[in-house]
Amino acid sequence: MKKRGPNRKVWNPNFNPVRSAVFALRFTGNKTIIQLQNYSALQELKTGRVSIDNFQVLVGLVGTSKRLAKAGIGPEVLEACELAQKAMGAIEAAKGVATEEQIQSVVEVFDWHQAQLEAASQTEYAAACSPYCELIPD
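Residues numbered from 1 in each chain as written. Predicted model: local features only at pLDDT ≥ 70, side-chain atom pairs only at ≥ 80, totals over all residues. Heavy atoms only, no water.

Draft legend 1. The arrangement of the layout of surface pockets in detail. Reported here for the second largest pocket is a volume of approximately 150 Å³. As for the second largest pocket, its lining consists of Phe-55, Gln-56, Leu-58, Val-59, Val-62, Gly-63, Gln-85, Met-88, Gly-89, Glu-92 and Tyr-132. Take the lining of the second largest pocket: its biggest share by element is six residues, from helix H3 (residues 52-70). (1 Å grid on protein atoms, 1.4 Å probe; cavity = no way out; pocket = protein on both sides within 12 Å on 5 of 7 lines; lining within 4 Å. Points joined across faces, edges and corners; volume = space filled by probe spheres on them. Helix = DSSP H or I, 4+ residues; strand = E, 2+ residues; numbered from the N terminus.)

What follows is the structure, encoded as structure tokens:
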């Protein structure tokens, strides 16, 4: 009889639960760096081509906005997030080349995200963006 080993789960390699928990605890409310990254990634997307690093920033922007909406902060953005996620998948398949419709769907989520930033508390925002942000050691 053959021994059956444990069933192993495959986790998203980009998600680190320990880093997320530490980030949520250490978040001081300074959203300026995250906002600057979002602005620069959006400006690059508006040119029609986006790099891999800025693509990851935009994925984090859409994901954070969706998590905030599911937490009750601006739930009307969920539909726009779904469209933006489809657009991001198409942009990824096209190796960073975006059409005008795809750019517009991401810009719409960006506008909603700015409103959500104003409405969210520090801990709510930290919990929402922690899977997408890297913890920078002091």
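Draft legend 2. The arrangement of the environment of Leu-68 in detail. Tracing the backbone shows Leu-68 in helix H3. The class of Leu-68 is buried, set by a relative accessible area of 1%. Taking the C-alpha atoms as reference, Leu-68 lies 8.7 Å from Cys-129; in sequence the two are 61 residues apart. Setting aside residues up to four positions removed in sequence, Leu-68 forms contacts with Ile-73, Gln-116, Ala-120, Glu-124, Tyr-125 and Ala-128. (Buried < 20%, exposed > 50% of the residue type's maximum accessible area, 1.4 Å probe, protein only. Contact = heavy atoms within 4.5 Å.)

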